[in-house]
Every structure is written in structure tokens, then in C-alpha cells.
Amino acid sequence: MADDSALATTATLDPTAPSFSMPASKDESPADTSEQPLSNGTADSKTTKPERPTQQNARSTTAQDIAEAGAGVKLTLAQIKKQKAAEKAARRAEKVTQKGVDAQAQQASQSQPAAAGKQQRRPSVGAKKDSTEPSHHKRTGSTQVKQLPLRSPGPNQPMPVPPAKIEKKVAMFAHLRSKEEKTTLASAGREIHPAVLSLGLQLRDYVICGGNARCIAMLLVFKKVIQSYTTPPGVALSRHLTTHLSHQISYINNARPLGVSQGNAIRWLKKLISALDPDLAETEAKKYLNSAIDNYLREKITLADEVIAQNAGQRIDNGDTILTYGKSSVVEKTLLTAARNGKNFRVIVVDSRPMFEGKNLARSLLREGIETRYCLLHALADVVEDVTKCMLGAATMLGNGRLSARAGTAMVAMMVKDSTKRKAPVIVLCELYKFTGKVALDSIMMNELGEPDALVEVEDIETITSSAATPVAGAPPKGKKSKEEEAPEKPTRGLEAWRDQNNLYLLSLMYDVTPAECLDVVISEMGAIPPSAVPEANRLHGGEE
């Protein structure tokens, strides 16, 4: 470009100097020469002409500028730059056009069956390879040649679009986490303890249920985490252990949302760790924390349940009919304690789908010799008339005196208050560590989604029908099966393929909220209090504000 500038300057200063022909670009062929008149009237020997008059507009402009330069027209530095840019753009356009032609030719060759059959034949070792056929990678152990797919579709082929996944959520409860969003083993980091991995899977699959059982299992796992923990050099245990436990807690929460009992226990443990003396040895600190966890389990859960069972058992009289819903560990201990103290009463266990927790409670009462009746929630109106007392467990007692418990508890409490002849009292048994200052007016915000597939009925293959037990006239002889028996049709119940139906949604809520007006008394290790005194008891206990 410096030479071209000098050349243009020379041509401008000396009008008598002969004109020079501009060198052609590397993509152009040498131009033909012809005589052109100079600016001073003399004839020049040779001037350049473009070889391809049908080139693009940029090429034509370049050739014209070159001709004008040969004719003695002054070329500025800007015009020279414009020529170079036009030549470069023309070369790029030719390359893009050639690539499109090659891609279309390759796709056309793939679509021809004859060509495909020819390519599938494996060539012999000594045969010469045809240079016109495209070369592809081949597997040595295969008898067929498999062409590699194109990295990108052709210019006329659209990009493949994956099918849209239908989100099967009820809009009102879309803020709650579904099973598909829960944690798995693959999502666990290397900092997660193996005991935490096992607990997370058990919580996710509802192997461990109930507020007390989940809290006890979590604290016992934390003991193992603390025992195997080692403080990094240069870091205080009171700070780093809290961060290490946060990773474990996050994994457990992703497996199943933490209950109020678990949240209160975690808050207590973190506060205890942050108050440790920095000068305390690591071995002594871990020993102190494990001992504190054992004391928490013994005082807040084990001894609290025994105190509640003794207090609530005194309210059971001979001849009472106690109604309970689902299964609560403290209600079960209360009924067993009253029976061992010589009380004569009967129990009605109301249960519901899909977990059927009341079956375990009914078995435990029957082993103790207590008269027990078992029914489902839809039959509650038929058994509630004879009830004298109703005892319910709790997931948590809210700050406004309302009860959060297994879904269906609110219906049971309302039916007992409205339908019983004797106006049976509704008694809630709840430990203090389950109290919270949070307030809920409905069951929408503070809730948990259960497994929706558990609502789908499955066929019981062990059911023996009358047609299977009694031979039918005209049936095939024994040992031979008819075509209908060989391929029986499965009955369709309408919910098996609910995920594929756009207008069908399944909703399984784990908890509901019972109004304080439907509750008579709340019994804890502090004694019996009305629902309106729950916030004050929570404050005295030092619970969450």
C-alpha cells in the first residue's frame, strides 16, 4: 500500500511521466492489454483491462478504477483502500457460495439409494480408491460404511426442535417443589457425607415420615458428620463447621423440604457451634457437640413425649371413644400409656390415601389389646357420632394458634366439633420444639407436594375372583389356556397416563391448616394451654419468633 501511494503521488506530480499498469490481485488472471490515450494526448503502449466483465459490482468498480489509474486519472489513498476492500469482499462471497454448493451436492449424494448402496460395499484391499467419491471414516470390524452426519443442517433444512415438556403442576401450587426437582445421588457434591446421602434418599422416598422421626434421624446423622469432621489449618472450628453443615443441610432440604421441627433443631445446633470457645481443642469440641445433641434428643423429644403421654392419658376415662387421624408417635404413646394404666376405652383410627399411616397405629393398638376400629376418611360421618374425645398429632403449632398437620386433620376437627352429640373436645398433642412464630391463614404457602403417582390406583395381581375359582361351562381343559387368558387386557382406570393428558393434573398435598376455633386445648411438656397462648409459650421456650 505504501508503494501504491508513492505511485499515485508520482503520477500526480509529473504529468509527462508514463502511466504504470496496476498489478492484478492474486485471485484475478492477468488482464489483456490495449492502447489507451494518455491525458497529454499521446498514446500509451499498454493498459490493464478486467478479465471478467460479468463479475460482481465490487469487481467492476475495481477494474474501472484500475483503468482510470492507467489512463492517468489521479487515485487517492482512500480509493486504493476501497479497491482492496472490494477485492477481499468478493473473495469471501465466492468462498461462501462454494461452500453452499458443496453442502447441497453432499446431501444429494446421500439421498440417492444407488450411491448409498455403492458406498456400503467394502472395497478390496488392493483396489484403488476413486478420487471422486467422498472419503468417510470407517470401522475396521464392520462390513458396512457408515457416513458421518453433518455437523449442521443444509441451508434449506431447519434446525431440529426438541419436543416441549409439559409442566404438570397446578397453577395455585406452582411455587412448591415437585418430585422431579428433588435431589438425587448424581447431584451430590463431594463434600456431602455418605450418611447424609443415605438419609436424603430415605426422606425423598418417604421411608422416614413424621416430624419426630425426621428430626431424630437428622440429628443422629449430624453426629456422624461432626465425628468425621476435621478442621482445616488456619480456620476456627466454630466458623468452618457451620459452613460444612450448611452443605449437608442444603442436600437434605433438596431431598425433602425441612419441617419446622428440623428447622428449629438446626437453628439450635448452629447457635451452639458459633458459641464455642476458639481455644477449645477440636477433639473436646466434637465431644461436647455430640453430647449436646444427645441431650437435645432426650429432653426435647423423648422426655417431652413421656410427660405429654402422662398428662393426656389422665384425661382419658373408662368407656371413652377416642378418635384419632393418621399416625402420631406422641398420640400412640399416650394411648398405650393409658391402656397400661388400666383404662378401658376404644379407639377409632381414621386413615386416608396415599400413605395409609393409620394402619401402623391400628396394628400397634391391637397388639396391646385395645379395641380398635379402622376406617377411611370418607366414612368419618358414620363413626363420628359416638366419639367422646379427639386426639390429634401436630407437624407444628403456628403463631396464630392454628394447627398444621397431615392433610385431612382440619376435616376431622371440624366434623368432631359440629357432628358429635356430646361436643367432644379436640385435643392437640405437640412438643414445644415444634412451636413456631410463623403465621399461616391457609394451606397454600406453607405446604409440601406429595407423590402424585401414588394417587393412581394399581391392579392387585393377588386378588382371586370367583370366575378364577369356579370352573365355567365350555372352558378349555385344565392345563390349556384360551387366547383370552394368554393375553388378558389390563383394565384402564383413567389415571395411568395422566402425564400425557394436557387437561389432567394430580395434586397431593401433605399438610393442611386447622383453625384455632376448632381446637380446645394444646398439651405440651409445659402443660395444657389454649391455642391462643401458643405465641406466649413459644416466646418463653425461646423458640423462633
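Everything numeric in this text was worked out from a predicted model, so none of it was measured. (Residues numbered from 1 in each chain as written. Predicted model: local features only at pLDDT ≥ 70, side-chain atom pairs only at ≥ 80, totals over all residues. Heavy atoms only, no water.)

A few words on the sheet that holds strand S7 (residues 396–397). Sheet architecture is open: three strands sit in the order S7-S8-S10, paired in antiparallel fashion. Of all the strands in the sheet, the pair left with one neighbour each is S7 and strand S10 (511–514). Across the sheet, helix H13 (residues 409–419) is in contact with strand S8 (403–406) and S10; its angle to S10 comes to roughly 30 degrees. (Pairing = 2+ DSSP bridges. Helix = DSSP H or I, 4+ residues; strand = E, 2+ residues; numbered from the N terminus. Contact = heavy atoms within 4.5 Å. Axes fitted to C-alpha atoms, helices over the stretch in contact; angles between N-to-C directions.)

Relative to each other, helix H10 (residues 329–340) and helix H11 (residues 358–367) sit at 15 degrees, their axes nearing to 11 Å. Taken together, the axis directions place H10 and H11 in an arrangement best described as roughly parallel. Of the two elements, H10 crosses H11, and the hand of that crossing is right-handed. Counted together, Glu-332, Leu-335 and Leu-336 of H10 and Leu-361, Ser-364 and Leu-365 of H11 form the full contact between these two elements. Here the contact of H10 with H11 is composed, by residue class, of four nonpolar, one polar and one charged. (Parallel < 35°, antiparallel > 145°, perpendicular 65-115°, else oblique. Left-handed = near helix turned anticlockwise from the far one by under 90°. Nonpolar A, V, L, I, M, F, W, Y, C, P; charged D, E, K, R; others polar.)

Here we take up the sheet that holds strand S4 (residues 346–351). Spatial ordering of the open sheet is given by S5-S4-S3-S6-S9-S11-S12, a layout of seven strands whose pairing is mixed. Taken across any chain shown, the strands that pair with only one partner, and hence form the sheet edges, are strand S5 (371–376) and strand S12 (527–529). Pairwise comparison of adjacent strand axes, ignoring direction, gives a mean angle of 25 degrees for this sheet. Of the strand pairs in this sheet, strand S3 (residues 321–325) and strand S6 (residues 389–392) are connected by two bridges, and their pairing is parallel.

This paragraph deals with the side chain of Thr-514. With respect to the secondary-structure elements, Thr-514 resides in strand S10. From its side chain, Thr-514 meets the backbone nitrogen of Ala-410 in a polar contact 3.4 Å long. If sequence neighbours within four positions are ignored, Thr-514 has contacts with Arg-402, Leu-403, Thr-409, Ala-410, Ala-413 and Leu-519. (Polar contact = N/O pair within 3.5 Å; in protein donor to acceptor, adjacent residues only side chain to side chain.)

Attention now goes to the pairing of strand S11 (residues 521–524). Where burial is concerned, the two faces of S11 agree: the one with Val-521 and Ile-523 and the one with Val-522 and Ser-524 are both buried. Strand direction decides the pairing type here: strand S9 (residues 426–429) and S11, joined by three bridges, are parallel. Its bridge partner lying in S11, Ile-427 is registered against Val-521. Bridge count between S11 and S12: three bridges; the pairing is antiparallel. Across the sheet, the residue bridging to Ile-523 is Ala-528, located in S12. What sits between S11 and S12 in their antiparallel hairpin is a turn of two residues. (Buried < 20%, exposed > 50% of the residue type's maximum accessible area, 1.4 Å probe, protein only.)

Right, let's get into a positive patch on the surface. On the surface, Lys-88, Arg-92, Lys-95 and Lys-99 cluster together into a positively charged patch. Of note, Lys-99 is situated in helix H3 (residues 77–111). (Patch = residues over 30% accessible without salt bridge, like charges linked within 9 Å, V, L, I, M, F, W, Y side chains within 5 Å. Areas by Shrake-Rupley, 256 points an atom, 1.4 Å probe, with all protein chains shown as cover. Salt bridge = Lys/Arg side-chain N within 4 Å of Asp/Glu carboxyl O. Lys, Arg positive; Asp, Glu negative; His and termini not counted. Charge placed at Lys NZ, Arg CZ, Asp CG, Glu CD.)

This next bit is on the environment of Ala-281. The residue Ala-281 is located in the loop between helix H8 (260–274) and helix H9 (282–313) in this model. Residue Ala-281 is classed as partly exposed on the basis of its relative accessible area, which comes to 42%.

Further remarks concern the pairing of S3. In terms of residue burial, S3 counts as a mostly covered element, since five of its five residues are buried. Where burial is concerned, the two faces of S3 agree: the one with Thr-321, Leu-323 and Tyr-325 and the one with Ile-322 and Thr-324 are both buried. For S3 and S4, the ladder comprises five bridges, and the chain directions are parallel. Paired with Thr-324 across the two strands is Val-349, which belongs to S4. What joins S3 to S4 is H10, and the crossover it makes is right-handed. (Right-handed = clockwise from strand over helix to strand, strands pointing away.)

The omega torsion across Arg-353 and Pro-354 is -5 degrees, close enough to zero to call that bond cis. Within the fold, Pro-354 resides in the loop between S4 and H11. If you check the backbone angles, Phe-356 has positive phi at about 50 degrees while not being a glycine. By secondary structure assignment, the location of Phe-356 is in the loop between S4 and H11.

Applying the stated rule across the entire model yields two aromatic pairs. Geometrically, the ring pair formed by Tyr-296 and Tyr-433 is edge-to-face, given 6.4 Å between the ring centres and 85 degrees between the ring planes. Remark: Tyr-433 occurs in the loop between S9 and helix H14 (466–469) and Tyr-296 occurs in helix H9; sequence separation between them is 137 residues. Each member of the pair, Tyr-296 as well as Tyr-433, carries the same accessibility label: buried. Three or more aromatic residues joined by ring pairs make a cluster, and in this case those are Trp-268, Tyr-296 and Tyr-433. Its guanidinium or amino end placed over the ring of Phe-356, Lys-359 lies 4.7 Å from that ring's centre, counting from NZ or CZ. (Phe/Tyr/Trp six-rings, centres within 6.5 Å; stacked < 30°, edge-to-face > 60°. Lys NZ or Arg CZ within 6 Å of the ring centre and 35° of its normal.)

One can find Asn-290 in helix H9. Using a relative accessible area of 10% as the deciding quantity, one classes Asn-290 as buried. Residues in contact with Asn-290, not counting those within four places in the same chain, are Lys-223, Ile-226 and Gln-227.

So, on to the pattern of salt bridges. Inspection of the entire model under this criterion finds 13 salt bridges. Here Asp-317 and Lys-389 are joined by a salt bridge, their closest N and O atoms 3.8 Å apart. Here Asp-317, found in the loop between H9 and S3, pairs with Lys-389, found in strand S6; they are 72 residues apart in sequence, far enough to count as distant. Residue Lys-389 is classed as buried on the basis of its relative accessible area, which comes to 12%. Among the salt bridges present, the one from Glu-357 reaches Arg-406, with a minimum N-O distance of 2.8 Å. With Glu-357 in the loop between S4 and H11 and Arg-406 in strand S8, the pair connects residues that are 49 residues apart, well separated along the chain. Exposure class is identical for Glu-357 and Arg-406. Each is buried. Taken together, the shared-partner salt bridges connect Asp-317, Asp-320 and Lys-389 into one network.

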